[in-house]
Every structure is written in structure tokens, then in C-alpha cells.
Number of protein chains: 2
Amino acid sequence: MAEAPKPSPATIAAVTLALQQRFGNRCVTSEAVRQQHAHTTTWLATEPPDMVVFVETAEEVQQVVQVCAEHRVPVIPFGAGSSLEGHLNAPRGGVSVDLSGMKRILAVHPEDLDCVVEPGVTRKELNDYLKSYGLFFPIDPGADASLGGMVATRASGTNAVRYGTMKDNVIALEAVMPNGEVVTTARRAKKTSAGYDLTRLFVGSEGTLGVVTKITLKLHGLPEAISAGVCPFPSVKAAADATIMTIQTGLPVARIELLDAVQVKAVNAYSKLSMPETPVLLVEFHGTEQGVAEQAERFGEIAADLGGGPFEWATKPEDRTRLWQARHDAYWSVMALRPGVKPFATDICVPISHLADCIEETQADIAACGLIAPIVGHVGDGNFHTSVLVDTSSEAEMTVVKGFLTRLVERAHRMEGTCTGEHGVGQGKMKYLEPELGAPALDAMRLIKRALDPDNIMNPGKIVTLQP
Amino acid sequence: MAEAPKPSPATIAAVTLALQQRFGNRCVTSEAVRQQHAHTTTWLATEPPDMVVFVETAEEVQQVVQVCAEHRVPVIPFGAGSSLEGHLNAPRGGVSVDLSGMKRILAVHPEDLDCVVEPGVTRKELNDYLKSYGLFFPIDPGADASLGGMVATRASGTNAVRYGTMKDNVIALEAVMPNGEVVTTARRAKKTSAGYDLTRLFVGSEGTLGVVTKITLKLHGLPEAISAGVCPFPSVKAAADATIMTIQTGLPVARIELLDAVQVKAVNAYSKLSMPETPVLLVEFHGTEQGVAEQAERFGEIAADLGGGPFEWATKPEDRTRLWQARHDAYWSVMALRPGVKPFATDICVPISHLADCIEETQADIAACGLIAPIVGHVGDGNFHTSVLVDTSSEAEMTVVKGFLTRLVERAHRMEGTCTGEHGVGQGKMKYLEPELGAPALDAMRLIKRALDPDNIMNPGKIVTLQP
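Each value, and the rule that gives it
- Residues numbered from 1 in each chain as written.
- Chains lettered and ligands numbered in written order.
- Predicted model: local features only at pLDDT ≥ 70, side-chain atom pairs only at ≥ 80, totals over all residues.
- Helix = DSSP H or I, 4+ residues; strand = E, 2+ residues; numbered from the N terminus.
- Rg over C-alpha atoms; globule rule 2.2 N^0.38 Å.
- Buried ≥ 20, exposed ≤ 12 C-beta atoms within 10 Å, placed from the backbone.
- Contact = placed C-beta atoms within 7 Å.
- Nonpolar A, V, L, I, M, F, W, Y, C, P; charged D, E, K, R; others polar.
- Least-squares fit on C-alpha atoms with pLDDT ≥ 70 in both.
- Domains from an automatic or database assignment.
- Pairing = 2+ DSSP bridges.
- pLDDT = per-residue confidence, 0-100.
- Axes fitted to C-alpha atoms, helices over the stretch in contact; angles between N-to-C directions.
- Parallel < 35°, antiparallel > 145°, perpendicular 65-115°, else oblique.
- Left-handed = near helix turned anticlockwise from the far one by under 90°.
- Core = buried A, V, L, I, M, F, W, Y, C linked by C-beta atoms within 7 Å.

Draft legend 1. Looking closely at the overall build of chain A. Counting its regular elements, chain A contains 18 helices and 18 strands. Computed over the C-alpha atoms, the radius of gyration of chain A is 22 Å, within 12% of the 23 Å expected from 2.2 N^0.38 for a compact globule of 468 residues. Along the first, second and third principal axes, the C-alpha set of chain A runs to 70 × 55 × 40 Å. Counting only residues that meet the buried cut, chain A has 57% of its 468 residues in that class. Sequence separation of at least 24 residues holds for 71% of the intrachain contacts in chain A that already meet a minimum separation of 6.

Draft legend 2. Structural detail: the interface of chain A and chain B. Counting from both sides, the interface comprises 73 residues of chain A and, opposite them, 73 residues of chain B. For the side of chain A that touches chain B, the secondary-structure elements that each account for two or more residues are α7 (166-169), β9 (182-184), α8 (198-202), α9 (236-248), α17 (430-437) and α18 (439-452) of chain A. With 10 residues, α18(A) is the largest single contributor of residues to the side of chain A that touches chain B. Here the side of chain A that touches chain B is built from residues that sort into 30 nonpolar, 25 polar and 18 charged.

Draft legend 3. The arrangement of the relation of the copies chain A and chain B in detail. The two copies are related by a screw operation: chain A maps onto chain B through 180° of rotation and 0.0 Å of translation along the axis, at an RMSD of 0.0 Å. Accordingly, the operation relating the two chain copies is best matched by a two-fold axis. Mapped onto chain B, 100% of the interface residues of chain A are again interface residues, and the two copies thus contact each other with one and the same surface.

Draft legend 4. View of the domain arrangement of chain A. When the domains of chain A are assigned, the result is domain 1 (9-100), domain 2 (105-221), domain 3 (225-330) and domain 4 (338-436). The C-alpha centroid of domain 3 of chain A is placed 43 Å from the C-alpha centroid of domain 1 of chain A.

Draft legend 5. Just the pairing of strand β12 (residues 225-232) of chain A, in detail. Residue and element names in this part refer to chain A. Among the 8 residues of β12, 6 are classified as buried, and the element is accordingly described as predominantly covered. Bridge analysis of β12 against strand β14 (residues 280-287) gives 8 bridges, and the strand direction is antiparallel. Within β14, the residue paired with Val-230 across the bridge is Leu-282. Examined bridge by bridge, β12 and strand β15 (residues 312-314) share 3 bridges and lie antiparallel to one another. Note on β15: the bridge partner recorded for Ala-228 is Ala-314.

Draft legend 6. Structural context of the confidence of the model for chain A. Per-residue pLDDT for chain A averages 96, and the proportion of residues at 70 or more is 99%. Overall fold confidence (pTM) sits at 0.97, and the ipTM for the predicted complex is 0.97.

Draft legend 7. Representation of the sheet that holds strand β4 (residues 95-98) of chain A. Residues and elements named next belong to chain A. Taken in spatial order, the 4 strands of this open sheet run β1-β2-β4-β3, and their pairing is mixed. Edge strands, defined here as strands with exactly one partner in the open sheet, are β1 (27-28) and β3 (75-78). Where helix α1 (residues 9-23) meets the sheet, it contacts β1, β2 (51-54) and β4, and its direction lies at approximately 25° from that of β2. Contacts between helix α3 (residues 58-71) and the sheet are confined to β2, β3 and β4, with β4 contributing the most and set at about 175° to the helix.

Draft legend 8. Local environment of the packing of α18(A) against helix α18 (residues 439-452) of chain B. At a minimum axis separation of 9 Å, α18(A) and α18(B) run at an interaxial angle of 135°. In terms of their interaxial angle, α18(A) and α18(B) are classed as oblique. For α18(A) against α18(B), the interelement crossing comes out right-handed. Contacts between α18(A) and α18(B) involve Ala444(A), Leu447(A), Ile448(A), Arg450(A), Ala451(A) and Leu452(A) from the first element and Ala444(B), Leu447(B), Ile448(B), Arg450(B), Ala451(B) and Leu452(B) from the second. When its residues are assigned to classes, the contact of α18(A) with α18(B) shows 10 nonpolar, no polar and 2 charged.

Draft legend 9. Quick peek at the nonpolar core. Among the nonpolar cores identified, the biggest contains 293 residues, and Val64(A), Val97(A), Val151(A), Val64(B), Val97(B) and Val151(B) are the most heavily contacted of them. Look past the residues within four positions of Val64(B) in its chain and what remains in contact with it is Leu19(B), Val53(B), Val55(B), Val75(B), Val95(B) and Val97(B).

Draft legend 10. Structural view of the packing of α9(A) against helix α15 (residues 355-369) of chain A. Residues and elements named next belong to chain A. Viewed as axis vectors pointing N to C, α9 and α15 meet at an angle of 155°, and their least axial separation amounts to 9 Å. Considering the angle they form, α9 stands roughly antiparallel to α15. Classified by chirality, the crossing of α15 by α9 is right-handed. Seen from α9, the contacting residues are Val-236, Lys-237 and Ala-240; seen from α15, they are Leu-355, Ala-356, Ile-359 and Glu-360. Its residues placed into classes, the contact of α9 with α15 shows 5 nonpolar, no polar and 2 charged.

Draft legend 11. Structural detail: unusual backbone geometry. Residue and element names in this part refer to chain A. Here Gly-309 and Pro-310 are connected by a cis peptide whose omega angle stands at 0°. Here Pro-310 shows up in the loop between α11 (289-305) and β15. Here Arg-154, not a glycine, exhibits a phi torsion of approximately 55°, which is positive. Among the secondary structure elements, Arg-154 is positioned in the loop between α5 (147-153) and α6 (160-163).

Draft legend 12. How the structure looks around the sheet that holds strand β14 (residues 280-287) of chain B. All names here are of chain B. Ordered by their spatial adjacency, 7 strands build an open sheet running β15-β12-β14-β13-β17-β18-β16, and the pairing between neighbours is antiparallel. Edge positions in the sheet fall to β15 (312-314) and β16 (343-349), since each of these pairs with one other strand and no more. Averaged over all pairs of adjacent strands, the angle between strand axes in this sheet comes to 15°, irrespective of strand direction. As judged from the 7 bridges shared by β16 and strand β18 (residues 383-389), these two strands associate in the antiparallel manner. Residue pairing across strands places Cys-349 opposite Asn-383, the latter belonging to β18. Contacting β13 (253-259) and β14, helix α9 (residues 236-248) crosses the sheet at an angle of about 170° to β13. Sheet strands in contact with helix α10 (residues 261-271) are β13, β14 and β17 (375-378), and its direction is about 110° off that of β17.

As C-alpha cells, this is what we get:
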């Protein structure tokens, strides 16, 4: 029951045989494929699974889980591989279940504004499909993540300030439980009070309670019109205050993103822009032609009152793309700051009243450490990321970075915030959970994990260990 | 571990002694108070607890739970007593923990649009308090329920179509667990991906996993302007189609309520109105002066396209009250239909595309049974209620009503819906959970309940039994 050792080579051999007999060459043990299935954008070392099974149906997922359950071998669900906290690592080996082939969109119900999809469908694929219905799925974490992965990590991103996170946009799930049973968490009705909220228990469970095989999602009508703009501010504080005022006055902003001065400088260099090198807010409004124009104007007034501006905005797609270029190129511009070194992203989230203080203290810490780490924030939610450029092979650099990461989380905790607003816990943030929520909450999580997965085969070593 | 028998008289005597020593005359065993704490608006017989303890702090809740845990005696949390499915009954006796004295509003954070309250605060008390901040808490289940009770039953009501349900509006909870530990489910940040969603697990758990002692809620700015109106339709189908069209086109309707013809007739008689006795929709929009006028006009066009009208609307408070009088008086008008008999309400929820069929079949069933049961619906969510006027002392009538209720739920299930959109399971709907979600989901719920409450002391006999 405790943190078990790796399964023996004989056990792995037996599982490999059983899965190869069933799945043929869709059960892969090659080094390259195994490495690829555990390698994600993180400072954590890659820990590959023993094999990867490319499944195509819920029944196949069930078969894999049944074989693994019988042999007590770990199961690690794999979607698009875009997670950030070591969620796909296999510290005890086991079977990576690659769900990217489960790509069917099973139903779209335009009258009900919902759809039913398999977990391997990515958000961009879904939105391409939905265009002809005049509908879209708003959650946008940046990467073209799989919807199963987005369920698993409780993803959110730029649109969350208006449309909520995955927790708010999943109606029902089907999942294969650790015992091989298939659970349906809810019916397709928009709301329910029928029993414990198993849907929300699975959203954010990071594959540790079961493998999601079907997802019913809320959809929204494509906005009739969009306005988007960019506005420089004299300080992070002024930008944060403008954000607070925008939300307090009920302006239904769809996106409100902060780039700090370091990030603006990076993107100026990378994309040959000439933005003033101060914090900027990028905003987007969704609504009627008249509505989005009004909203942009009101935002401009708020920004001006707080010393921001000039606020440039537009409604034509090509103009909006130009204005938002700094945001679209942010990731690539960071890469270019230190060629040869991949940035890794971390995120925290605090009550918005603490956001300016939290960002400013973090900037000071970054400077004091001599790190290169631009900041981008989904500031409407009090959530921000920093992309740290670090040579993970340098022990000295990693020591500095680990100290920085710990202080970042401690700062979030001191300000009533969380160690992760949207990336999840994975391996990377396990040690912060107890300081954040206290021992009784961790006990409750452990009791739930043990109850549903007594042999700890579902993505073990993520979120919580079975013993304190 | 299984469904235990009632505690012995000696055990109850020991618990009474311990709690009276601690709480003095705040531990009450009088018949009247015990009866009152289990009596709610339901067809289920009242099953009183052995005693009621009037607590004032979380520490006191913890002390009660510790005593009960030691003696394995049931704990039944009590808020305002407005639940509808026998949630407050004490089939195994035990201690009703009356939280109505825990009424402190601990903090309001206008910049963060949140507040922290104790569970005994009612929604009207909270909204009175918030007025001076220009803020409000939108969830409105009709009754002046306690916020703790609204958490417990995952309440929603008329505003849910725009603002969501309790699941969407609770940021964090503090709860005393069955072992007496105090759990904090989340920090005050607006979003988090830090571990299992204990907050959502408690929302809708009906007091079966612990006693909620502190609630952090999302707030909203009071709308600058409100428009409200009433519109008759030739049929339920036309009214449902107008609702679908309103939502599909992205009109941000705050409330959209259906009264069926029987309900309109009742309210005409009760309130001396002269509305045409056909289905009506009552709508409300929140926004800017200009926005709410535009929205009302667009709704009027949609209604007219579907054969509805005339649509009468207004923005002045006194005119809005007049137009919505039929809705405000609905409950009282039903009472007046059969003097001496109290109506009890039941609710189901289906995907909105099935709503018209579901209501029309239900109306036919009501007529065939010879029942008096007007229908009121939160139709934007596909959720409707019927208030059944039945003499609960008549076995013959109750047989007819029980058959009707079962067919109502079966109809919801056939149409991909749920046995309860917002009232909860309690005792009344336990038997419908497995047909709704399947045995594996019930197994998962049982495993969670057993893991967190192995002695089954928390509101036993609600939602799930420990054994299938």
C-alpha cells in the first residue's frame, strides 16, 4: 500500500507480453518512444515508462488498466505531452497509455451548447470542428493541449477571466477506474445536485484516480465581434489596478494579459517591435459590434485614469493580430534570450489585490538572483507565469533556481495564494501542497486516493504520496 | 461499518451528558425543538434527532463532532431548515448541530470580489450587508437559505443561468471532518490547480462528509441597471425555443423563468391578475442602462419570432416588481389552490433541447393522475420544479404521487437528465442515483464516503448507503 518499489523485471515482462499479444505493434518498448513519452518542459529529469500503448477506444483503455491492475503496474495517461510539472514521468516505470489516437468528436449539441469528445482531441482540433456550428470552446492554455490533459490538470489560460477554467466547463466525464470499471460521473444536464461531484474530483486529478475516456464540454457561441488592444503602464501596480477596476466595474473582459518590462524588451528584440519597455496590458472583448467598441473605450478611460496609455485597439482581425503580436511571440522571444537553453515555466496565483506586490517582489528576487525570467500574467485571475532560462545541466544554476522557485511559492502562500493556478502539482510541486493546505487536507486527499486506487497504480508519485 | 443500528439509549445518555456539560442549555432535548429540526417541506416523515446543539464557533462544532465520533453517534448539520428532500432527518437519531448562530461575516474583499462568511449567514443577510459595498452574491434558491445549507445542497435557483450555481461560486471552505480535524480546502486565490478539488467535493455533499464552518464566496458588482419583463407564449415548446434562442445568441440573460398555464391560472386567482392563461416567460437582464434596454428589445424580437408576445418590460424597480408579481407570488398561489394542504416541490433537470418534451409529458402525466401540480422552471438551465398538492396523510393519494415522482425521474433519465438539478438527493432521491449514474459511480461515492467517514456518523442515510 505504501510507496511501492518498481515492479520486478519479471512482472514487466509479463505485462509486456500480455499487452503485445493484445495490441501488437501498438505496444511499443523502444527507448526513443519511451523517452519521448516522459519528456516534457520541466527542470525535472525524465523518467521513462517501460512501454507505451497506443489505444484507440475506451475498451482498449480498460484492457490496459485491467492488465496493469492484475500485475500492480503503474498506468500513466498521456495526451499531447504539453504538461509542465513532470506529470508524465514514470518514477516506478509502468505503462504510458497514449490517448492521442482517441480523437473522435462524438456529438455536438448546438441547442444545448455542449459536445462530447474523446480525450485525444486537442483544443485547436475541437475549435476547427466547431467553427461551422458558430460555436467555440474557450479554454486556451497556450499549448495545443489534448482535452483529456486539460481535464487532468484543471487547465485554464487566457480566456479564464471570462469563461472560467476546466472546472467550470466540464459537464460530465467517463473514466476507467483503477479497478477497471468504467465510471460515468454525470448526465448531460447543465447542472445537477445528484450526489458527490465526481466530475470535479476528476478535473485536476492528474491521472491519479483513473483514465478519462470521454468528456462532455460546455460550448459558447462565437462572438459576433471582438475588439483587442494593447496599453502600456508606468508600473506593474498601475496595470494591476487597471485590471482590478476593469473587473470591479463589470466590464466583461475576455482576456487581460500582462507582460512585464523584461518580457516587452524580449519581444521588441525578437519581433522587431518598438513598444515602450514598461509593463503592458493586452485586452480582448467579445460581444456585439457596438458592445465591444464601448467596452474597449471604457477600458481606455480606466487605463488613462491610472496613468496608462496610449491605448491602441482595433476590431479587424489583422489589426488585432498585430496589436497582440507581443503576446503571441512571448514564448519564442524568451527562447531567443539565451540560445541553447530551453525556458521552463512555473505559475502561481494570488488574490488580485496582492498581485502587484507579488509580481514586484518576484521581479526583485529574479534580479537579485541574476536570473533571466520574464513574467507574463493572466492578471484578471491573479495568476502569473515566469519563464526561467536555466542551464539544467549546471548544478550551480539549478541551486539558484530551486531557491527562487521555493521563495516564489512561499510568497504566494504569504499572500493567500496557491502554488499553482493552472499547471498542476505533478512531481514538481508536491512538496508545496501541505504548506499550502495543511495536513488535514493532505490526509483527506490521501484517503480518497487510497480508497479509489488502493494499489496506487494510477500515475503514482504525483500530487500526493500514500503516506505522509 | 454497514448501516449501523441506532445508538443505544445508554450511548445517547452519555453523549447528552457530555454535551450538556459542555454547552449547558444550548444542548436541547425538548420534543418541540427536536421535531422542528427534522421537519422540512417534504412528503417524507419527520425523524427527529436525539438532541440539538446550538453552536457558535468552529471550535464548538469540532467539540460536538469529537464527542459524537467517540461514541459513534450521528451528526446532522442544520442551517435554516429549508431543504426539501429530508436532508435533516435523523433516521438513526443523533445530534443536530444548529449552525444558525454562526452568523459572522468575517471579511469582504471588494478588490478581489470575494467574502468569507460563517455557515449560518443567510443569503439575504449577506446581500443586505454587501449593499454598501456595491456588491452582491447572486445565488438565489428562493428560500432565505443559510449559505452553509446552500453549499451542502449545491443550490442554484433563478440567477444560475448567468452566474452559475454554488459549485461555481465557492472559492474555499473550512470544514470539521468526521475525525474532528479541521480541513481547509483551498486558499483565497480565484483559481488553483493544487491537488484534488476538495472544495467541490464538499459542495453538494449534504453534510455527509463533514460540517462546513467557513465559506469563501465569489461576489459580483451590483448591476448598474436591470430590465425585467414578462412574455406569454402559445405553448411550452415556443417558450422553450425562445429560451434556447436567447442563450444561443449570447444574450446574457440573468434570469429566465417559465410558469406553465396551470401556474399562471393559480397566480391570476391568488393575486387578482389577468394574465392570459398560457405559458409565460419572465426575464431579467443585468448591465448598463443602454445594455439592458438593448437586451430586452432583442429578447422581444426573439419572442415575437416564435409566436410569443406581447412582451412587456421595464427598468424602474416598482414596474419590474409588478411585472414579476406572478413569479414572486407563485409559491403562495399554489398553497391557495388546495387550502390546508402544503405543496411540496420536486425538481429535475434535462438538456434544454429536451425541456419542452419533458414538461409537456409531465403535464400530461399530472392530468392523467388527477393531481394539482403547477410547474415553474429555471428554463435557461433546463431545470424545472413542480409543486405537488397532496394530502400526505392519505395513503391513496401518496401512492399516486409516488408513481408520478418515479415516472418524472425516469422521464428525466430517458432524456439524458438528472433526478435533481438543485434540491439534492437527501433521503427522497437516493433510489434514483444508481439508475442515473450506474453502479461504478455509486461504488466510487461509497468508497469516498467510507474513506472519509468510516463510522458513518456524518448525516447517515443520505445520498448513499455504505453497502450497495
